[in-house]
Amino acid sequence: NISSEIPENFALSQNYPNPFNPMTKIKFQLPENGSVRLAVFDILGKEVTGLVDEFKKKGYHSVKFDAGNLASGIYFYTIQAGEFRQTKKLLLVR
């Protein structure tokens, strides 16, 4: 999803809902076009899924994460867009 508004800064929002079971939404904003990677990792730092790995246009974006095949627990999601990198925690509760 892309909005016509252009954000001033890079940002990664907290997923909603959190805790979740098994679907959640992750939003992020990009002030410029570029390559974006968004991935989910387990508590040990092992990547469990890649959600985004492509060129994205500047603006507001969201992606749905279906954790139906994962065990309950704490996970982390990290975005890398240019020099911007940020990680947030999410909680899957069955």
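Look up: the structure comes first, before these words.
The paragraphs below set out a description of the structure included in this document. Only a predicted model underlies this, so the values are computations on that prediction, with no experimental measurement involved.

Attention now goes to the pattern of salt bridges. Taken as a whole and assessed by the stated rule, the structure comprises three salt bridges. Within this structure, R37, E47 and D53 form a network of salt bridges that share partners.

Turning next to the environment of T87. As for its placement among the helices and strands, T87 is situated in strand β7 (residues 84-92). C-alpha separation for the pair T87 and A39, spaced 48 residues apart in sequence, amounts to 9.6 Å. Setting aside its immediate chain neighbours within four residues, T87 contacts L12, F76, Y77 and T78. A polar side-chain atom of T87 sits 2.7 Å from a polar atom in the side chain of T78.

Hydrogen bonding along the main chain pairs the strands of a sheet, whether they run parallel or antiparallel. Ordered by their spatial adjacency, three strands build an open sheet running β1-β2-β5, and the pairing between neighbours is antiparallel. Two strands bound the open sheet, and with one partner strand each, they are β1 (11-12) and β5 (59-66).

Okay, the packing of aromatic side chains next. Applying the stated criterion across every chain, the model contains two aromatic pairs. Relative to F84, the ring of F10 has its centre 5.3 Å away and its plane inclined at 10°; by these criteria the two rings are stacked. Placement of F10 in the segment before β1 and of F84 in strand β7 is noted, with a sequence separation of 74 residues between them. The buried category is assigned to F84, whose relative accessible area is 18%. Ring geometry for F20 and F65: centres 6.0 Å apart, planes at 55°, overall tilted. Linking F20 in the loop between β1 and β2 (23-30) with F65 in strand β5, this pair joins segments that are 45 residues apart in sequence. In this structure, F20 and F65 share a single accessibility class: buried.

For the rest of this paragraph, the subject is the sheet that holds strand β4 (residues 47-56). Read across the sheet, four strands follow the order β4-β3-β6-β7 without closing on themselves; strand pairing throughout is antiparallel. Each end of this open sheet is capped by a strand with a single partner; those strands are β4 and β7. Strand-to-strand twist in this sheet, taken as the mean axis angle between neighbours without regard to direction, amounts to 15°. Of the pairings in the sheet, the one linking strand β6 (residues 73-81) to β7 comprises nine bridges and is antiparallel in character.

Glancing now at unusual backbone geometry. At the junction of Y16 and P17, the peptide bond is cis and its omega measures out at -5° in the coordinates. Following N21, the chain continues into P22 via a peptide bond in cis, with omega recorded as -20°. Along the chain, P22 falls in the loop between β1 and β2.

Parameters at a glance
- Residues numbered from 1 in each chain as written.
- Predicted model: local features only at pLDDT ≥ 70, side-chain atom pairs only at ≥ 80, totals over all residues.
- Heavy atoms only, no water.
- Salt bridge = Lys/Arg side-chain N within 4 Å of Asp/Glu carboxyl O.
- Helix = DSSP H or I, 4+ residues; strand = E, 2+ residues; numbered from the N terminus.
- Contact = heavy atoms within 4.5 Å.
- Polar contact = N/O pair within 3.5 Å; in protein donor to acceptor, adjacent residues only side chain to side chain.
- Pairing = 2+ DSSP bridges.
- Phe/Tyr/Trp six-rings, centres within 6.5 Å; stacked < 30°, edge-to-face > 60°.
- Buried < 20%, exposed > 50% of the residue type's maximum accessible area, 1.4 Å probe, protein only.
- Axes fitted to C-alpha atoms, helices over the stretch in contact; angles between N-to-C directions.

Purely spatial values, then, with no claim about function.
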